[in-house]
Amino acid sequence: MNSLIIAGLLLVLLGLAYQSGWSRGRGLATANGVKVHSRPQYHGSYVAIWTLVPALVIIGLWGWLGDGITHNFIVSQIPTETVQSLDQVGLNATIARIKALASGYGVAGEILPYEQTAGDALRSFQFITFLVVIAAAAIAGAAALFYARSRVTARHRARNAVERVINLALLACSAVAILTTVGIVASLVTEAARFFTFINPLDFFFGTVWNPNNAGTAGNWGSYGLLPLLVGTLMITFIAMLVAVPVGLMAAIYLSQYAPRQLRAIAKPIIEILAGIPTIVFGFFALVTVGPFLRDIGNFIGLSISATSALTAGVVMGIMIIPFVSSLSDDILNQVPRSLRDGAYGLGATQSETIRNVLLPAALPGIVGAFLLAVSRAVGETMIVVLAAGNSPVLRGNPFEPVATITVSIVNQLTGDTDFAGPQSLVGFALGLTLFVITLCLNIFALFIVRRFREQYE
């Protein structure tokens, strides 16, 4: 309810401010002989921004400081001797009971008199402070509205001011994305460094045994060799690309070169629907359908294929990536200048010869970039391998047997009660950092190739 009132107040201030600024700017524009610097909508936006900022500052300050002020008020309502007799856990429980009484939800057990009194006082305090904050925000917004409106003149550079605010907003959005990435990388590096204080980096990166002792203590942490997980990850990724690359590329060639326009308009969205299916559905599909099917095929031809294996996870992951490869490749093929194809046709080449000798070589850098982006997607996939790979962290090269991947091991180590004081949980950050470096290198290489492809036609 309080949130709705705050949102309503801000919307009212926004509407009034914009309308006031817009009408004043429009009045300036209609004066004879007056040359106005900015259009009326810029004046309206200028006044609206000026109006919202102080209101948002007041509401934000209360959101930041309100909990501490409320906490101190509740403590002041508890008798001093009671506060002194409680430890921190007991005090927090008493404060929670008083908050529950103030909200009207009630509490379990007997309600002490001071708890009821404090709950009633807290309810009144919250109501009064909310009214004060709303009134202060409204008054500050109204004052800012009148001030900003008074500055609207014919030569006022409202457009420049609004564009500066928009630039700052865009910069803030970009900073959020960049700082989030920086924060994730810093967290991975910091925690991975703590992990390497327990485990030698050489034992981690070149170890061939993965057997963490989750109940171990100092000197008995277990084995944290990365190679079995890395081999399992690369094996599944390789199988996935064997499925996705030829199917996706052939689908892209057909849709871009052979399919009638009506068929393309229907077939391409249907193929891309695969990209919208949750990966947990693919994992379930692999577990109950593809795995048993491959096992039966293996029995028929005399091969021992486990229902949960690298082959099962790789095949289903490849199916999942097909729309990713086909859509990117189709877009890249369509970007090849038509003059190249027309020139080939003019020299007497057939359609297949044109595709093989002109179209694919011209689009090859972009297609390779799409493949590398698909590899990055496959390396980081989790849910399919959790259900279909068998989770067997053993160094082996047989794709018909269960394997484990880096992502599955991260899930295993960080699931349940986790204590980040030992290598059992901290290894998740080292594995995450390794996976991040692999995908980052692939993405940088892919972007380098795509950028080079674009430069050939610009």
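Residues numbered from 1 in each chain as written. Predicted model: local features only at pLDDT ≥ 70, side-chain atom pairs only at ≥ 80, totals over all residues. Heavy atoms only, no water.

### Topic: the packing of helix α2 (residues 40–77) against helix α5 (residues 113–150)
For the pair α2 and α5, the least separation of the axes is 9 Å and the interaxial angle reads 160°. Relative to α5, the element α2 is oriented roughly antiparallel. Both α2 and α5 take part in a crossing whose hand is right-handed. Taken together, the residues of the contact of α2 with α5 sort by class into 23 nonpolar, 6 polar and 1 charged. (Axes fitted to C-alpha atoms, helices over the stretch in contact; angles between N-to-C directions. Helix = DSSP H or I, 4+ residues; strand = E, 2+ residues; numbered from the N terminus. Parallel < 35°, antiparallel > 145°, perpendicular 65-115°, else oblique. Left-handed = near helix turned anticlockwise from the far one by under 90°. Nonpolar A, V, L, I, M, F, W, Y, C, P; charged D, E, K, R; others polar.)

### Things to note about the packing of helix α8 (residues 227–258) against helix α9 (residues 261–273)
For any two helices packed against each other, one specifies the inter-axial angle together with the distance between the axes. One can describe the packing of α8 onto α9 by two numbers: an axis separation of 10 Å at closest approach and a directional angle of 160°. With respect to α9, the axis of α8 lies roughly antiparallel. Here α8 runs over α9; the crossing is left-handed. Contacts from Tyr-254, Leu-255 and Ser-256 in α8 reach Leu-263, Arg-264, Ala-267, Lys-268 and Ile-271 in α9. Of the residues contributing to the contact of α8 with α9, the split by class is 5 nonpolar, 1 polar and 2 charged. (Contact = heavy atoms within 4.5 Å.)

### Focus: the nonpolar core
Counting residues in hydrophobic clusters, the biggest one holds 69 residues, and the most contacted among them are Phe-195, Phe-204, Tyr-224, Ile-236, Met-317, Ile-321 and Leu-431. Within the residue set of this core, elements represented by two or more residues are α6 (158–195), α8, α10 (279–301), α11 (310–335), α13 (351–379), α14 (383–388), α15 (406–413) and α16 (423–455). The contacts of Ile-321, once residues within four sequence positions are left out, are Ala-244, Ala-374 and Ala-378. (Core = buried A, V, L, I, M, F, W, Y, C linked by side-chain atoms within 4.5 Å. Buried < 20%, exposed > 50% of the residue type's maximum accessible area, 1.4 Å probe, protein only.)

### Description of the environment of Gly-207
Within the fold, Gly-207 resides in the loop between α7 (201–206) and β1 (210–212). Given the relative accessible area of 14%, Gly-207 is considered buried. Look past the residues within four positions of Gly-207 in its chain and what remains in contact with it is Leu-202, Gly-225, Leu-226, Leu-227 and Pro-228.

### Quick word on the side chain of Thr-94
By secondary structure assignment, the location of Thr-94 is in helix α4 (residues 88–103). Taking relative accessible area as the criterion, Thr-94 reaches 7% and is therefore assigned buried. In terms of polar contacts, Thr-94 uses its side chain to reach the backbone carbonyl oxygen of Gly-90, at 2.9 Å. (Polar contact = N/O pair within 3.5 Å; in protein donor to acceptor, adjacent residues only side chain to side chain.)

### Quick look at the pattern of salt bridges
In the structure shown here, the tally under the stated rule is 10 salt bridges. Here Lys-268 makes a salt bridge to Asp-330, at a shortest N to O gap of 2.7 Å. Here the residue Lys-268 occupies a position in helix α9, and Asp-330 occupies one in helix α11, the gap between them amounting to 62 residues. The same class applies to Lys-268 and to Asp-330, which are both buried. By sharing partners, the salt bridges in this structure join Arg-264, Lys-268, Asp-330 and Asp-331 into a single network. (Salt bridge = Lys/Arg side-chain N within 4 Å of Asp/Glu carboxyl O.)

### Focus on the environment of Ala-307
Locating Ala-307 in the fold gives a position in the loop between α10 and α11. Residues Ala-307 and Leu-242, spaced 65 residues apart in sequence, show a C-alpha to C-alpha distance of 19 Å. Leave out the neighbours within four places in its chain, and Ala-307 touches Gly-291, Pro-292, Arg-295, Thr-312 and Ala-388.

### As for the UniProt feature "transmembrane region" (unreviewed entry) in the chain
Under the UniProt annotation, the feature "transmembrane region" (unreviewed entry) is placed at residues 43–65, 127–148, 168–189, 229–253, 273–294, 300–325, 358–379 and 426–450. Along residues 300–325 one finds 69% helix and 0% strand; the C-alpha atoms at either end are 32 Å apart. (UniProt positions renumbered as here; feature names shortened; annotations may be inferred.)

### Observations regarding α11
An ideal rise of 1.5 Å per residue puts 38 Å on 26 residues; α11 measures up with 36 Å between its terminal C-alpha atoms. Where α11 bends most, at Ile-321, the angle is about 40°, and the proline Pro-323 comes one to four residues later. Across the 26 residues that make up α11, a large majority, 20, are buried. (Expected span 1.5 Å × (residues − 1). Bend = angle between axes of the 7 residues up to and from the residue.)

### Topic: empty space enclosed by the protein
Considering all chains together, one arrives at 1 cavity of 30 Å³ or more under this definition. Of the pockets and cavities examined, the largest cavity occupies roughly 50 Å³. As for the largest cavity, its lining consists of Thr-233, Ile-236, Thr-237, Met-317, Ala-378, Val-379, Glu-381, Val-385, Thr-405 and Thr-407. Sorting the residues of the lining of the largest cavity by element identifies α8 and α13 as the ones contributing at least two each. Here the lining of the largest cavity takes 3 residues from α8, the largest share from any one element. (1 Å grid on protein atoms, 1.4 Å probe; cavity = no way out; pocket = protein on both sides within 12 Å on 5 of 7 lines; lining within 4 Å. Points joined across faces, edges and corners; volume = space filled by probe spheres on them.)

### A few points about a nonpolar patch on the surface
Together, Val-53, Val-57, Leu-61, Trp-64, Leu-65 and Ile-69 make up an exposed nonpolar region whose accessible area comes to about 590 Å². Tracing the backbone shows Ile-69 in helix α2. What makes Ile-69 partly exposed here is its relative accessible area of 40%. (Patch = residues over 30% accessible without salt bridge, like charges linked within 9 Å, V, L, I, M, F, W, Y side chains within 5 Å. Areas by Shrake-Rupley, 256 points an atom, 1.4 Å probe, with all protein chains shown as cover.)

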